[in-house]
Amino acid sequence: MKFTILQNDLLEALQRISGVVPTRSTTPILENILFELDEEKLKITGTDLEISITTGVTPKKIEQTGSIALPARVITEMIRSLPAIPVQFELDETKRVRITTDQGYYQVAGISRNEFPDNPSLSEARSIELKNDLLRRMFSKTIFAVSSEELRPALMGVYMQIMPDEFRMVATDGHRLSKIIDSSFRFDEAGIQMIIPPKAVQIALKNLNEEGNIKLQLNQGGLCFIFDNTTLYTRLVEGEYPDYEKVIPRDNDKKMVVDRSLLMATVKRVSLFSSALTHQVRFSLSQNRLAVCSEDADIGGEAREELNVEYNDEPMELGYNAQYILDILKHVDDDKVVFTLKNPVRAAVVKPLSQKENESFMMLIMPIKLNSQEHQ
Amino acid sequence: MASIHLLSDLMMKRIAAGEVVERPASVAKELIENALDAGSSRILLRIEESGVSLIEVTDDGNGMTEEDVLLCCRRHATSKIRDEEDLEAITTLGFRGEALASISAVSRMVITTCHQSENEGTQVLLESGEIREVLKVAPRKGTTVSVRDLFAAVPARRKFLKTPVTELRHLIRVFRTMVLSHPKIDWTLQVNGDKTMHLLRNTLEERLNDVLGDSRELIHIHRSVSGLNIEAWISRPGDGRKSRENQFVFINGRAVQNRSLSHAVLSAYGNRLGRGEYPVYILYIEMDPRLVDVNVHPMKSEVRFQDEHLIYNLIRKITEDALRGPAVIPDLHLITKKRGSNLRFRGNETPRLSSQLSLEAQSTETAPLPASVSFREGEKRFPELWQIHNRYILSQIKSGITIIDQHVAHERILYEKVLACKKSAPGGSQQLLFPQTLQLSIDDYSTLTEINTALERIGFGLKEFGKQTVVIESVPLDIRKGNEKDILLDILDDYRENRGTGEDFWDAVAKSYACKSAVKSGDSLTLPEMTSLIDQLFATSEPYFCPHGRPIIVNLSLEEIDRRFGR
Ligand SMILES: Nc1ncnc2c1ncn2[C@@H]1O[C@H](COP(=O)(O)OP(=O)(O)O)[C@@H](O)[C@H]1O
Ligand SMILES: [Mg+2]
């Protein structure tokens with residue numbers, strides 16, 4: 001293997017895969033990056049066995065094809081610290097790679113390509129074509145609600161449902177939930193559903209183009225995103241996604257409409273004075289008024305702000321985790337947000353006042369039952 | 001079965017002497033043993049007011065003739081052994097001929113029984129051991145023994161009884177042990193006329209589930225060696241519980257306690273057990289009765305083996321083999337669970353250091369910190385904190401460095417929080433989108449009923465859903481997501497252990513909750529989490545010691561460090 005490549009081209013490619021390469025692994029080979037050179041292109045691959053990314057880059061000059069795995073950290077650090085100059089890679093028979101620039105050389109020991117895990121085979125995969133902007137939107141409206149707790153593995157991913165006449169995504173961690181449906185979507189084959197790990201979703205978000213289409217390939221347990229220069233393979237989360245429709249309340253009959261940015265700023269300020277462990281804030285709702293309060297007994301902090309809302313029902317006291325409220329508000333595009341409520345222990349349904357065309361987007365947040373209610 | 005006779009003087013001397021009726025649970029145990037010895041296939045235990053007003057066992061066994069029933073409450077009256085030779089090879093649970101005599105002496109007893117050879121039943125009423133009345137009654141297969149007003153006439157004994165709750169717990173423990181010892185029988189338990197539990201004849205696996213709850217998966221072992229038949233269920237490494245409650249040894253159908261057997265199992269687990277973690281094990285050993293002596297203690301729960309070494313090594317060996325074998329590899333779904341660890345993602349935790357800092361200014365006036373360990377000695381900026389080994393928080397202080405144990409620190413915080421619930425308004429309760437259903441063992445269930453009000457005040461929202469099934473609808477804010485079920489089970493376990501030592505109710509609940517819900521050593525903490533933990537720790541009444549008395553903070557002075565470096 002021998003080639004010459006521009007420092008910035010290679011760095012860009014290395015950065016595309018750096019997110020998956022584990023810095024310390026019980027399988028040390030995974031701390032390496034696989035370099036594969038054919039007559040036209042250099043392909044580099046990183047994997048943690050769950051997710052692998054392969055990305056292509058065109059060298060300035062190719063003299064001899066070949067392949068080798070090189071330690072990720074050293075190579076990335078070294079290339080990063082070079083100026084934008086051509087860099088030559090040359091592999092010798094003893095699996096050492098000499099990297100030469102006009103300033104000097106660096107030599108590292110490589111590992112045979114055979115020891116690097118093979119890319120998962122995608123034979124017998126189903127292909128699906130999706131619009132880039134749609135996929136991006138759906139991912140970004142759900143990923144925040146994915147559970148990070150390993151105890152319920154099925155919740156540790158975004159649930160994607162492709163149906164003949166709609167496209168859905170759902171994520172939940174058991175305290176909140178986000179669901180988005182695109183109803184203009186059409187799909188000719190039988191429905192497909194899968195649970196995609198959040199890390200893969202994040203990497204996909206980084207790589208998705210603004211427009212155009214993307215091809216996905218799906219087989220038993222794995223999903224592949226085919227971007228322009230890069231393919232991302234991820235294993236899917238196993239297990240059955242819970243019946244989320246069942247927990248979405250249908251009879252919430254009290255409605256609060258509030259200005260999104262106003263509420264967000266208020267909650268942000270007030271929550272500074274809530275406990276850093278629980279982030280608990282209290283909403284006191286009365287005729288067209290909402291008071292947001294918090295207190296942190298441990299440090300003696302306390303805060304209260306009031307704002308105007310549209311609300312025409314009986315007064316109510318509700319407790320929420322401020323982080324959840326902020327997360328949810330962040331994902332609403334509309335200026336006005338609608339909370340539909342039932343009582344202080346029932347999930348609140350949160351939606352933008354006006355939905356985008358062909359889209360239905362809703363979030364759920366479970367309240368915190370407040371102490372005062374127990375004594376009422 | 002042979003008829004009842006009085007044992008000879010010689011035999012009487014050979015039998016381990018002593019009192020067997022110390023509490024309602026021991027009465028239940030003796031009565032159930034008699035029912036089992038009578039070859040019953042259905043047994044009902046009824047209890048009223050934790051046994052002091054009524055303990056009653058009904059069976060469908062062989063029954064007694066009128067002649068026998070008149071004899072059975074005499075001391076040393078038994079149908080089960082006759083001579084020395086019988087004593088060397090005991091095949092029944094009873095053999096001492098003393099239980100009915102001892103029980104009837106301290107209660108009002110009614111025995112209703114019918115023997116198959118007779119076409120009428122007999123009912124005998126006894127008071128303080130004396131027969132008061134004998135009636136003829138309609139024939140009904142089997143025997144009912146009711147014991148009322150236990151110790152009523154012996155105030156000195158009654159005084160020694162613990163709270164009704166404790167006595168009931170002992171009773172349930174006896175029932176549960178008996179159920180496990182004879183899984184092939186239809187068992188019914190009735191407490192105060194309503195709370196009934198009915199356990200139909202089932203496979204042993206299902207029976208284990210009834211008794212232990214569904215929470216853990218056990219490894220099954222079956223071996224026949226050296227004339228012994230051993231069947232066992234043991235927990236996987238890492239699946240242990242926090243108490244010894246779920247450890248049972250049965251020899252020829254008798255529940256026994258034997259240190260050497262427990263030790264054999266424990267040493268097979270070796271360092272596979274975490275600190276304070278106990279394996280679950282249920283051992284069934286069938287062996288020649290001549291090789292095991294049960295006539296050691298009047299309670300008949302201690303045994304001596306003729307060849308203790310052999311049994312010890314055998315049990316240890318088969319446990320070790322099982323723990324090394326393929327059964328230990330967790331099921332696929334557990335693997336998927338583990339696999340997730342590569343994907344650990346904390347998308348929703350925005351660092352909140354800035355807000356912490358802004359709170360600092362405010363807190364120093366309202367809640368001054370204890371002078372001796374102030375992190376803010378003359379410092380404007382927040383001190384640097386490091387988490388080491390995901391276990392300790394380390395920081396520089398004026399005099400050197402300070403090391404805080406994160407688990408016990410959090411334990412102290414939560415402990416005081418719960419104690420505060422006792423007096424004033426409880427903390428909030430996070431509602432769950434997906435309520436968690438939990439199938440409890442008999443023990444766990446009865447503990448839950450005992451402490452449910454306290455759990456509610458702490459923030460658990462539990463709903464009963466049919467027998468022994470509860471649904472967790474909400475949890476205290478301190479509990480980590482997804483962990484709700486395990487924490488609740490651990491609290492129940494731990495509470496039983498604490499409570500056994502006679503602690504104050506709230507104190508026991510607070511300790512259990514704090515210990516189980518606190519961050520563990522091994523949990524990684526973000527900087528805001530660490531700062532908040534330390535803030536809260538110093539707001540507690542006793543930041544230096546955890547509720548169990550272990551130190552929370554250790555300071556290492558510069559002098560000490562200098563000395564170590566030989567400066
Ligand atoms: N439920 C029963 N069914 C039939 N016989 C019984 C029952 N309970 C007690 N007996 C008879 O009463 C005798 C005395 O019982 P007990 O005092 O418990 O002594 P032991 O069980 O040690 O023989 C037993 O040996 C048995 O013959
Ligand atoms: Mg007996």
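From a predicted model like this one, the values you see are computed outputs, not experimental measurements. (Residues numbered from 1 in each chain as written. Chains lettered and ligands numbered in written order. Predicted model: local features only at pLDDT ≥ 70, side-chain atom pairs only at ≥ 80, totals over all residues. Heavy atoms only, no water.)

1. Re the overall build of chain B
(1) Moving on: Looking only at helices and strands, chain B features 18 helices and 24 strands.
(2) Moving on: Taking all 567 residues of chain B together, 55% fall into the buried category.
(3) Moving on: In chain B, 71% of the contacts between residues at least 6 apart in sequence involve partners at least 24 apart.
(4) Moving on: Working note: accessible area of chain B is about 25800 Å², and carbon and sulfur atoms make up 51% of it. (Helix = DSSP H or I, 4+ residues; strand = E, 2+ residues; numbered from the N terminus. Buried < 20%, exposed > 50% of the residue type's maximum accessible area, 1.4 Å probe, protein only. Contact = heavy atoms within 4.5 Å. Areas by Shrake-Rupley, 256 points an atom, 1.4 Å probe, with all protein chains shown as cover.)

2. A few points about the overall build of chain A
(1) Moving on: For chain A, the count of helices and strands is eight helices and 27 strands.
(2) Moving on: Here chain A, with 376 residues, has 56% of them falling under the buried criterion.
(3) Moving on: Element-wise, carbon and sulfur atoms account for 44% of the exposed surface of chain A, whose accessible area totals about 16700 Å².

3. What to know about a nonpolar patch on the surface
(1) Moving on: Nonpolar side chains collect at one region of the surface, where Leu70(B), Ile131(B) and Val134(B) lie side by side and expose about 210 Å² of accessible area between them.
(2) Moving on: When you line up the elements, Ile131(B) lands in strand β7 (residues 130-137). (Patch = residues over 30% accessible without salt bridge, like charges linked within 9 Å, V, L, I, M, F, W, Y side chains within 5 Å. Salt bridge = Lys/Arg side-chain N within 4 Å of Asp/Glu carboxyl O.)

4. Some thoughts on helix α14 (residues 442-458) of chain B
All names here are of chain B.
(1) Moving on: Helix length check: α14 (17 residues) gives 23 Å between terminal C-alpha atoms against 24 Å at 1.5 Å per residue, within 8%.
(2) Moving on: Its axis deflected by about 60° at Ile-451, α14 carries its strongest bend there.
(3) Moving on: Among the 17 residues that make up α14, twelve are buried, leaving the element largely enclosed by the rest of the structure.
(4) Moving on: What α14 keeps buried is the set Ile-442, Asp-443, Asp-444, Tyr-445, Ser-446, Thr-447, Leu-448, Glu-450, Ile-451, Ala-454, Leu-455 and Ile-458.
(5) Moving on: Note on α14: the residue one or two positions beyond its end, Gly-459, has a positive phi of about 130°. (Expected span 1.5 Å × (residues − 1). Bend = angle between axes of the 7 residues up to and from the residue.)

5. What about the site of ligand 1?
Residue and element names in this part refer to chain B.
(1) Moving on: Around ligand 1 sit 19 residues in total, of which Asn-34, Thr-78, Ser-79, Lys-80 and Gly-97 are the nearest.
(2) Moving on: A distance of 2.9 Å separates a nitrogen atom of ligand 1 from a polar side-chain atom of Asp-59.
(3) Moving on: Residue Ser-79 places a side-chain N or O atom 2.5 Å away from an oxygen atom belonging to ligand 1.
(4) Moving on: When ligand 1 sits alone it has 530 Å² of accessible area, and the protein chains cover 96% of it. (Near = heavy atom within 4 Å. Polar contact = N/O pair within 3.5 Å; in protein donor to acceptor, adjacent residues only side chain to side chain.)

6. A short note on the pattern of salt bridges
Any two side chains of opposite charge can pair, on the condition that their charged atoms come close.
All names here are of chain A.
(1) Moving on: Considering all chains together, one arrives at 56 salt bridges over all chains under this definition.
(2) Moving on: Glu-306 is the salt-bridge partner of Arg-289, the closest N and O atoms lying 2.9 Å from each other. Highlighted residues: Arg-289 in strand β20 (residues 289-296) and Glu-306 in strand β21 (residues 301-308), separated in sequence by 17 residues.
(3) Moving on: Owing to a relative accessible area of 30%, Arg-289 belongs among the partly exposed residues under this scheme.

7. Some points on the sheet that holds strand β8 (residues 96-101) of chain A
All names here are of chain A.
(1) Moving on: An order of β5-β1-β7-β8-β9 is seen for the five strands of this open sheet, with the pairing classed as antiparallel. Unpaired on one side and paired on the other, β5 (61-64) and β9 (104-109) mark the two borders of the sheet. For this sheet, the mean inter-axis angle between neighbouring strands, taken without regard to orientation, is 20°.
(2) Moving on: In this structure, strand β1 (residues 2-6) lies alongside β5, joined through three bridges in antiparallel fashion. (Pairing = 2+ DSSP bridges. Axes fitted to C-alpha atoms, helices over the stretch in contact; angles between N-to-C directions.)

8. Details of the packing of aromatic side chains
Centre distance and the angle of the planes are the two values used to describe a pair of aromatic rings.
Residues and elements named next belong to chain A.
(1) Moving on: Going through the model one piece at a time under the given rule, you end up with 15 aromatic pairs over all chains.
(2) Moving on: For the ring pair Phe-3 and Phe-89, a centre distance of 4.9 Å and an interplane angle of 5° mean the geometry is stacked. Taken as a pair, Phe-3 in strand β1 and Phe-89 in strand β7 (residues 86-91) lie far apart in primary sequence, 86 residues in all.
(3) Moving on: Exposure remark for Phe-3: the relative accessible area of 0% places this residue in the buried category. (Phe/Tyr/Trp six-rings, centres within 6.5 Å; stacked < 30°, edge-to-face > 60°.)

9. Considerations on the layout of surface pockets
Over the atoms rolls a probe the size of a water molecule, and in doing so it shows where empty space is left.
All names here are of chain B.
(1) Moving on: Here the second largest pocket defines a volume of roughly 1100 Å³.
(2) Moving on: Around the second largest pocket sit 32 residues that line it, and Arg-173, Thr-177, Val-256, Gln-257 and Ser-301 are the ones nearest its centre.
(3) Moving on: Of all the secondary-structure elements, those providing two or more residues to the lining of the second largest pocket are α2 (24-37), α7 (164-181), β13 (247-251), β14 (254-255) and α9 (259-269).
(4) Moving on: Each of domain 1 (9-192) and domain 2 (205-328) contributes no fewer than three residues to the lining of the second largest pocket. (1 Å grid on protein atoms, 1.4 Å probe; cavity = no way out; pocket = protein on both sides within 12 Å on 5 of 7 lines; lining within 4 Å. Points joined across faces, edges and corners; volume = space filled by probe spheres on them. Domains from an automatic or database assignment.)

10. As for the side chain of Glu166(A)
All names here are of chain A.
(1) Moving on: Checked against the element boundaries, Glu-166 lands in strand β12 (residues 166-172).
(2) Moving on: Of note is the side chain of Glu-166, whose polar atom sits 2.6 Å from the side chain of Arg-168.
(3) Moving on: Residues within four places of Glu-166 in sequence aside, it is in contact with Gln-161, Ile-181, Asp-182, Ser-183 and Phe-185.

11. Observations regarding the sheet that holds strand β22 (residues 310-311) of chain A
Residue and element names in this part refer to chain A.
(1) Moving on: Strand order in this open sheet of nine strands is β14-β11-β12-β13-β26-β25-β24-β18-β22, and the pairing throughout is antiparallel. Two strands lie at the open edges of the sheet, namely β14 (192-196) and β22, each paired on one side alone.
(2) Moving on: The pairing of strand β18 (residues 254-259) with β22 spans two bridges and is classified as antiparallel. The residue bridging Met-256 from the neighbouring strand is Tyr-311, located in β22.
(3) Moving on: Against the sheet, helix α3 (residues 132-142) contacts β11 (158-163), β12, β13 (176-182), β14 and β26 (359-365), and its axis sits at roughly 25° relative to β12.
(4) Moving on: Taken strand by strand, helix α6 (residues 260-271) contacts β18 and β24 (336-341), and its axis lies near 85° from that of β18.

12. Some words on helix α1 (residues 7-18) of chain A
All names here are of chain A.
(1) Moving on: The terminal C-alpha atoms of α1 lie 16 Å apart, and with twelve residues this matches the ideal 16 Å at 1.5 Å per residue to within 8%.
(2) Moving on: Residues of α1 that are buried include every one of Gln-7, Leu-10, Leu-11, Ala-13, Leu-14 and Ile-17, and no others. Along the axis of α1, the buried positions cluster into a sector of 165°, meaning they face one direction only.
(3) Moving on: Along its buried surface, α1 packs onto β1, β2 (32-37), β3 (42-47), β4 (51-57), α2 (72-81) and β7. (Arc of directions from axis to C-beta.)

13. As for unusual backbone geometry
Trans peptide bonds make up the majority, and among non-glycine residues the majority have a negative phi.
Residues and elements named next belong to chain B.
(1) Moving on: Notably, His-76 is not glycine yet its phi reads approximately 60°, a positive angle.
(2) Moving on: Positionally, His-76 belongs in the loop between α3 (66-71) and β4 (77-78).
(3) Moving on: One non-glycine residue, Asn-390, adopts positive backbone phi at about 50°.
(4) Moving on: You can see Asn-390 is positioned in the loop between β18 (385-388) and β19 (392-397).
(5) Moving on: Its relative accessible area of 28% is what places Asn-390 among the partly exposed residues.

14. Looking at the nonpolar core
(1) Moving on: Residues Phe35(A), Phe89(A) and Phe339(A) are the most contacted members of the largest nonpolar core, which totals 100 residues.
(2) Moving on: Considering each element in turn, this core owes the most residues, six residues, to helix α7 (residues 322-330) of chain A.
(3) Moving on: Ignoring sequence-local partners within four residues, the contact set of Phe89(A) consists of Met1(A), Lys2(A), Phe3(A), Ile5(A), Leu10(A), Phe35(A), Leu70(A), Ile79(A), Val97(A), Arg98(A) and Ile99(A).
(4) Moving on: Core analysis: the second largest hydrophobic core is formed by 61 residues, Val69(B), Leu100(B), Met109(B) and Val145(B) among them. (Core = buried A, V, L, I, M, F, W, Y, C linked by side-chain atoms within 4.5 Å.)

15. As for the environment of Cys224(A)
All names here are of chain A.
(1) Moving on: For Cys-224, the position within the fold is in strand β16 (residues 222-226).
(2) Moving on: In this structure, the C-alpha to C-alpha distance between Cys-224 and Thr-234, residues ten residues apart in sequence, is 6.4 Å.
(3) Moving on: Cys-224 has contacts with Leu-122, Lys-215, Leu-216, Gln-217, Thr-231, Leu-232 and Tyr-233, leaving out every residue within four places of it along the chain.

16. Quick word on the side chain of Ser26(B)
Residue and element names in this part refer to chain B.
(1) Moving on: Within the fold, Ser-26 resides in helix α2.
(2) Moving on: Here Ser-26 falls in the buried class, since its relative accessible area comes to 10%.
(3) Moving on: Engagement of the side chain of Ser-26 in a polar contact is seen with the backbone oxygen of Arg-23, the distance being 2.7 Å.

17. Section: the confidence of the model for chain B
The predicted coordinates of low-pLDDT regions are not to be read in fine detail.
(1) Moving on: Across chain B, the average pLDDT comes to 81, with 86% of residues at or above 70.
(2) Moving on: Prediction confidence for the complex, expressed as pTM and ipTM, is 0.58 and 0.78 respectively. (pLDDT = per-residue confidence, 0-100.)

18. Observations regarding the pairing of β24(A)
Residue and element names in this part refer to chain A.
(1) Moving on: Most of β24 sits out of view: five of its six residues are buried.
(2) Moving on: Both β18 and β24 contribute to a ladder of six bridges, which runs antiparallel. The partner of Met-256 across the bridge, within β24, is Phe-339.
(3) Moving on: Linking β24 to strand β25 (residues 348-352), which pair antiparallel, is a turn of six residues.

19. A closer look at the confidence of the model for chain A
(1) Moving on: Taken as a whole, chain A shows an average pLDDT of 90; of its residues, 97% reach a score of 70 or greater.
(2) Moving on: Across chain A, β24(A) holds the top mean pLDDT of 97, while helix α8 (residues 371-374) of chain A sits lowest at 52.

20. A few points about the environment of Leu489(B)
(1) Moving on: Locating Leu489(B) in the fold gives a position in helix α15 (residues 484-500).
(2) Moving on: The spacing of Leu489(B) and Tyr445(B) is 44 residues in sequence and 9.9 Å in space, taken between C-alpha atoms.

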